[in-house]
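Secondary and tertiary structure notes
So the chains spell out like this:
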Protein chains: 2
Amino acid sequence: MVKAKSNLFSEELTNSAALFKALAHPARIQILQYLASQKTCITGDISEVLPLGRTTVNQHIKELKEIGLIKGTIDGVKTKYCLNPCKIEEFKEVFDALYGSLENSCSTISCD
Amino acid sequence: MVKAKSNLFSEELTNSAALFKALAHPARIQILQYLASQKTCITGDISEVLPLGRTTVNQHIKELKEIGLIKGTIDGVKTKYCLNPCKIEEFKEVFDALYGSLENSCSTISCD
DNA sequence: TTTATTTGACGCAAAAATACGTCAAATAAA
DNA sequence: TTTATTTGACGTATTTTTGCGTCAAATAAA
């Protein structure tokens, strides 16, 4: 049996990995980019611009909502999806911190 | 049967998702950070600084090697692992491009 | 040579991710 | 009210990921 290893890593590490995992599928990246390209919060069936079925896309949207990268507000029978700039900013900070820690050391590394 | 959907997305999108997936596990992030902290290419059992078994860590290392973020060179019976600055730089470019496309639009989005 | 050390390959089991069909609730339109 | 539309919840099948034990090859040490 595979043990529950979720709590074996630091919270920061777990949080970072979860953010990267959110972008670990082309559909989810495309959803974010589509939302951005519309320049406004959008409603309707996003699956029409993706090569996947509606429920599958809905599932990817749900994951993006759960991690906080997008928000969904109910507007009558429709749901309005929006990018969440705060979370996107947080993602950038996480990435930059990681990149910084990796990049700083690169110059002193002798590889080949 | 679940159809093969791998080629339904653009190559760029698939490539980006693969990079993010490489960091989608805390162990893989920690391995990269450990390599960077050593300030040199290292050899030996990295699993000693991770809460996972040796073969499991080896598998994560293999994934990082396959995506190109680290390199491994054979040195006698030992294997020397190094960060690959080129790939890390490429990762930053991919991230910055994505962030740019998302961030640009954020200012014009009205969310709440 | 014999014995240890280091490492990756291989296989297996459990868990998670992926893709999608069906259904029901909620609202809008007729 | 009846009918259509929109959406998420739920279940299911398949694939992928994760974690690890075992084994063998390759080198180093005795």
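The rules behind these values
Residues numbered from 1 in each chain as written. Chains lettered and ligands numbered in written order. Predicted model: local features only at pLDDT ≥ 70, side-chain atom pairs only at ≥ 80, totals over all residues. Heavy atoms only, no water. Helix = DSSP H or I, 4+ residues; strand = E, 2+ residues; numbered from the N terminus. Buried < 20%, exposed > 50% of the residue type's maximum accessible area, 1.4 Å probe, protein only. Contact = heavy atoms within 4.5 Å. Areas by Shrake-Rupley, 256 points an atom, 1.4 Å probe, with all protein chains shown as cover. Least-squares fit on C-alpha atoms with pLDDT ≥ 70 in both. Salt bridge = Lys/Arg side-chain N within 4 Å of Asp/Glu carboxyl O. Expected span 1.5 Å × (residues − 1). Arc of directions from axis to C-beta. Core = buried A, V, L, I, M, F, W, Y, C linked by side-chain atoms within 4.5 Å. pLDDT = per-residue confidence, 0-100. Disulfide = S-S within 2.5 Å. Axes fitted to C-alpha atoms, helices over the stretch in contact; angles between N-to-C directions. Parallel < 35°, antiparallel > 145°, perpendicular 65-115°, else oblique. Left-handed = near helix turned anticlockwise from the far one by under 90°. Nonpolar A, V, L, I, M, F, W, Y, C, P; charged D, E, K, R; others polar.

An unreviewed UniProt entry lists chain A under the name Metalloregulator ArsR/SmtB family transcription factor, with Plebeiibacterium marinum as the source organism.

Right, let's talk about the overall build of chain A for a bit. Per the secondary structure count, chain A includes four helices and two strands. N-terminal to C-terminal, the α/β element order of chain A is α-α-α-β-β-α. Split into buried and exposed, the 112 residues of chain A put 42% on the buried side. Within chain A, contacts between residues at least 6 apart in sequence are counted, and of these 47% link residues at least 24 apart. Total accessible area computed for chain A in this model is approximately 6200 Å², and 50% of it derives from carbon and sulfur atoms.

Here chain A sits on chain B after a turn of 180° about the axis and a move of 0.0 Å along it, with an RMSD of 0.0 Å. Read as a symmetry element, the transformation amounts to a two-fold axis.

This structure, assessed with the given rule, holds eight salt bridges over all chains. With its nearest N and O atoms 3.3 Å apart, the salt bridge here joins Lys87(A) to Glu90(A). With Lys87(A) and Glu90(A) both in helix α4 (residues 85-106), this residue pair falls three residues apart, about one helical turn. Overall, Lys87(A) belongs to the buried group, its relative accessible area being 17%. The residue Lys92(B) makes a salt bridge to Asp96(A) at a minimum N-O spacing of 3.8 Å. Highlighted residues: Lys92(B) in helix α4 (residues 85-106) and Asp96(A) in helix α4, drawn from two different chains. Taken together, the shared-partner salt bridges in this structure form one network comprising Lys92(A), Asp96(A), Lys92(B) and Asp96(B).

Residue and element names in this part refer to chain A. Over its 14 residues, helix α3 (residues 54-67) extends 20 Å from the first C-alpha to the last, a length consistent with the 20 Å expected when each residue adds 1.5 Å. For α3, the complete set of buried residues consists of Val57, His60, Ile61 and Leu64. End-on view of α3: buried residues confined to an arc of 100°, all on one side of the axis. The exposed set on the far side of α3, more than 90 degrees from its buried face, consists of Thr55, Gln59 and Glu66. In this fold, the buried residues of α3 make contact with α1 (11-22), α2 (26-37), β1 (70-75) and β2 (78-83). After α3 finishes, the residue Gly68 shows a positive phi value of roughly 100°.

A word on the environment of Ser37(A). On the secondary structure map, Ser37(A) appears in helix α2. Residue Ser37(A) is classed as partly exposed on the basis of its relative accessible area of 43%.

Judged by nonpolar contacts, the single largest core of 62 residues is most densely connected at Phe20(A) and Phe20(B). What Phe20(A) contacts, discounting residues up to four positions off in sequence, is Phe91(A), Phe95(A), Leu98(A), Phe20(B), Leu23(B), Ala24(B), Ile29(B) and Phe91(B).

Further remarks concern the confidence of the model for chain A. A low pLDDT means the predicted coordinates there should not be read in detail. All names here are of chain A. Across chain A, pLDDT averages 86, with 87% of residues at or above 70. For chain A, the element scoring lowest by mean pLDDT is β1, at 88; α1 scores highest, at 97. Predicted confidence is poor over residues 1-5, with pLDDT under 50, and the contacts of this stretch with residues over four places away or in other chains come to two contacts. This stretch, residues 106-112, has a pLDDT under 50; its non-local contacts, to residues over four places away or in other chains, come to 13 contacts.

Let's shift gears to the state of the cysteines. When the sulfur atoms of two cysteines share a covalent bond, that bond is a disulfide. All names here are of chain A. Inspection of every chain in the model, using the stated rule, returns two disulfides over all chains. Two residues, Cys41 and Cys82, share a disulfide whose sulfurs are 2.3 Å apart. Judged by the sign of its S-S torsion, about 120°, the cystine formed by Cys41 and Cys82 is right-handed. Taken together, the positions of Cys41 in the loop between α2 and α3 and Cys82 in strand β2 put the pair 41 residues apart, joining distant regions of the chain. Comparing Cys41 with Cys82 shows no difference in burial state: the two are buried.

Moving on to the packing of α2(A) against helix α1 (residues 11-22) of chain B. Between two packed helices, what matters for the description is the angle formed by their axes and the separation of those axes. Across the interface, α2(A) lies against α1(B) with an axial gap of 8 Å and an inter-helix angle of 110°. Considering their axes alone, α2(A) and α1(B) lie roughly perpendicular with respect to each other. Pair α2(A) / α1(B) crosses with right-handed handedness. Facing α2(A), whose interface residues are Pro26(A), Ile29(A), Gln30(A) and Gln33(A), α1(B) presents Leu13(B), Thr14(B), Ser16(B), Ala17(B) and Phe20(B). Here the contact of α2(A) with α1(B) is composed, by residue class, of five nonpolar, four polar and no charged.

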